[in-house]
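Read off the chains here:
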Amino acid sequence: MKSLRVLVVVPCYNEQSSVAAVVNDIHWVKTRFGLTLDTLVVNDCSTDNTMAVVRTLDCLHLDLPVNLGIGGCMQAGYKYAYRKGYDVAVQVDGDGQHPAEGLIKLLKPIFEDQADVVIGSRFLERQGFQSSFVRRIGIRYFRWLNQLLIHKTVHDSTSGFRAFNRKTIEIVNAYYPDEYPEPEAIVQFGLHNLRLLEVPVLMEERQGGTSSITFIQSIYYLFKVTMGTLFVYIRLRKI
Amino acid sequence: MESLPITIQLFSLIGTLIFMAFIARLIVRGKLREEYSFIWIVCAIILIVFSAWRDGLTKISVLLGVFYPPSLIFLAAIFAIICFLVHLSVVNSKLQNSIKELTHEVAMLKKEVEDLETPDKFVPETKKHSNLT
């Protein structure tokens, strides 16, 4: 179990107040469970002091010279994982939403080769932060869309708390959706016939920074993700 | 059509020539790439043709069965503009993709350079293990 090398990718955009705690939590889990694990913070051209904070931490870091948004930011991390030969890549958001204790739950099915993609879901056991009402309706819509397109049920399709094995890293190294990647990526994985698995995790309300989605943008979000999902479906269906 | 004054014809000819000179100047100064200048040169030539050939528009309209000739201008112009806008969107998307790829590469290279400058600052877990074996 310990022979697999794990890269935890922490995407950051203006998270100066929370990123240190996130990295320290991951470090704590790593020493406690004796994992072969590196933390890679990807700074998406933050305008605050995130980069200065990150430099003082015990972790690897990538500093994007241009703001790419969460999709491009994560892909930079996955490309790094691919090139440096990591076996597993995990996304842990820099705002402290994903408590590091959940890491072990996420990694276990991958270490035991039960799944290619493990998604941490806040809805399987209804505990912890459950997100806002409007957002839950959106999430329910994406669940329906996923069932329709790939015949797989993912309860928390907007969850960014995910672990990928090497096979999946190779796929996202080549293509990863741009703006709001999470629901779109699920369809992408489904069409590549990857084994998806959801595990229950606790999520917390963000500790710092602001969500990438404000209420005004949610309509655009729905539209963009629906379009993206449909086009990924059309593009990959032939494979 | 005989009553059409020569003045407006002169104006449109001069205007088109100035436009063409402007495009040419942009290309010479390297501010406009040749592939994008092509469409503008074609536009200018069409304008020149119709400035000089006064009955042209009416004749083509009759040929196509268009009742009101100026509407043919609008149809053609709007169609051309939409085509060009789609083309620009495609170019823009391509650029955005290239920028993303370049940003990734630059970030990786920055990391490599930093690792070379400060080799002992942070040793990844993977390296530690390979040192042991």
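A quick note: this is a predicted structure, and the numbers were derived from the prediction, not measured.

Rules behind the numbers
- Along each chain, numbering runs from 1 in the same order as the chain's sequence is written.
- Chains and ligands are labelled sequentially in the order written, the chains with letters from A and the ligands with numbers from 1.
- Predicted model: local features are reported for residues with pLDDT of at least 70 only, side-chain atom pairs are reported and counted for 80 or more only, and whole-chain, interface and lining totals are derived from all residues.
- Here a helix means four or more residues in a row that DSSP labels H or I, a strand means two or more in a row labelled E, and each is numbered from the N terminus.
- Residues are called buried when their C-beta atom has 20 or more other C-beta atoms within 10 Å, exposed when it has 12 or fewer, and partly exposed otherwise; all C-beta atoms are positioned from the backbone.
- Placing a C-beta atom from the backbone of each residue, one calls two residues in contact when those atoms lie within 7 Å.
- Per residue, pLDDT captures the predictor's confidence, and it can take any value from 0 to 100.
- One bridge is not enough; two strands pair if DSSP finds at least two bridges between them.
- Axes here refer to lines fitted to C-alpha atoms; in helices the fit is confined to the stretch in contact. Angles between the N-to-C directions go from 0 to 180 degrees.
- In these notes the angle categories are as follows: under 35 degrees is roughly parallel, over 145 is roughly antiparallel, 65 to 115 is roughly perpendicular, and the rest is oblique.
- For any helix crossing, the convention is left-handed if the near helix is rotated counterclockwise from the far helix by under a right angle, and right-handed if that rotation is clockwise.
- Under the scheme applied, nonpolar residues are Ala, Val, Leu, Ile, Met, Phe, Trp, Tyr, Cys and Pro; charged residues are Asp, Glu, Lys and Arg; polar residues are all the others, including Gly.
- Place the viewer so that the strands point away; then a crossover is right-handed whenever the path from the first strand over the helix to the second strand goes clockwise.
- UniProt positions are given in the numbering used here, feature names are shortened, and annotations may be inferred rather than shown by experiment.

Quick look at the overall build of chain B
Consideration 1: A count of helical and extended segments in chain B gives five helices and zero strands.
Consideration 2: Reading chain B from its N end, one meets helices and strands in the order α-α-α-α-α.
Consideration 3: Expressed as a percentage of its 133 residues, the buried residues of chain B come to 5%.
Consideration 4: If you take every contact in chain B between residues at least 6 apart in sequence, the share linking residues at least 24 apart comes to 49%.

Brief notes about the confidence of the model for chain B
Residues and elements named next belong to chain B.
Consideration 1: Across chain B, the average pLDDT comes to 83, with 86% of residues at or above 70.
Consideration 2: For chain B, the element scoring lowest by mean pLDDT is helix α5 (residues 125–132), at 53; helix α4 (residues 69–117) scores highest, at 91.
Consideration 3: Scored by ipTM, the complex comes to 0.85, with pTM at 0.82.

Quick look at the sheet that holds strand β1 (residues 6–12) of chain A
All names here are of chain A.
Consideration 1: In spatial order, the strands read β3-β2-β1-β4-β6-β5-β7; together these seven strands make up an open sheet with mixed pairing. The sheet terminates laterally at β3 (60–63) and β7 (196–200), the two strands that pair on one side only. Strand-to-strand, the axes of this sheet are offset by a mean angle of 20 degrees, without reference to chain direction.
Consideration 2: Bridge count for strand β5 (residues 117–121) against strand β6 (residues 162–165) is three bridges, and the pairing is antiparallel.

Some details on the packing of helix α3 (residues 69–83) of chain A against α4 of chain B
Consideration 1: At a minimum axis separation of 10 Å, α3 of chain A and α4 of chain B run at an interaxial angle of 50 degrees. Relative to α4 of chain B, α3 of chain A is oriented oblique. By crossing handedness, the relation of α3 of chain A to α4 of chain B is classed as right-handed. Taking contact as the criterion, the partners of Gly72, Gln75, Ala76, Lys79 and Tyr80 of chain A in α3 of chain A are, on α4 of chain B, Lys100, Thr103, His104, Ala107 and Met108 of chain B.
Consideration 2: A class-by-class count of the residues in the contact of α3 of chain A with α4 of chain B yields four nonpolar, four polar and two charged.

Focus on the pairing of β3 of chain A
Residues and elements named next belong to chain A.
Consideration 1: Taking every second residue as pointing to the same face, both faces of β3 are buried, with Leu60 and Leu62 on one and His61 and Asp63 on the other.
Consideration 2: When strand β2 (residues 37–43) meets β3, the two strands line up parallel, connected through four bridges. Bridge pairing links Asn43 to Asp63 in β3.
Consideration 3: Each parallel crossover has a hand, and the one from β2 via helix α2 (residues 50–55) to β3 is right-handed.

Some remarks on the UniProt feature "transmembrane region" (unreviewed entry) in chain B
Residue and element names in this part refer to chain B.
Consideration 1: Per the UniProt annotation, the sites labelled "transmembrane region" (unreviewed entry) are residues 6–24, 36–53 and 73–91.
Consideration 2: Each end of residues 6–24 is marked by a C-alpha atom, and these two atoms are 27 Å apart; helix forms 100% of the span and strand 0%.
Consideration 3: Regarding residues 73–91, the helix share stands at 100% and the strand share at 0%, and the terminal C-alpha atoms are separated by 27 Å.

Section: the UniProt feature "coiled-coil region" (unreviewed entry) in chain B
Consideration 1: In this numbering, the UniProt entry assigns the feature "coiled-coil region" (unreviewed entry) to residues 92–119 of chain B.
Consideration 2: The straight-line gap between the two end C-alpha atoms of residues 92–119 of chain B is 40 Å; of that span, 93% is helix and 0% is strand.

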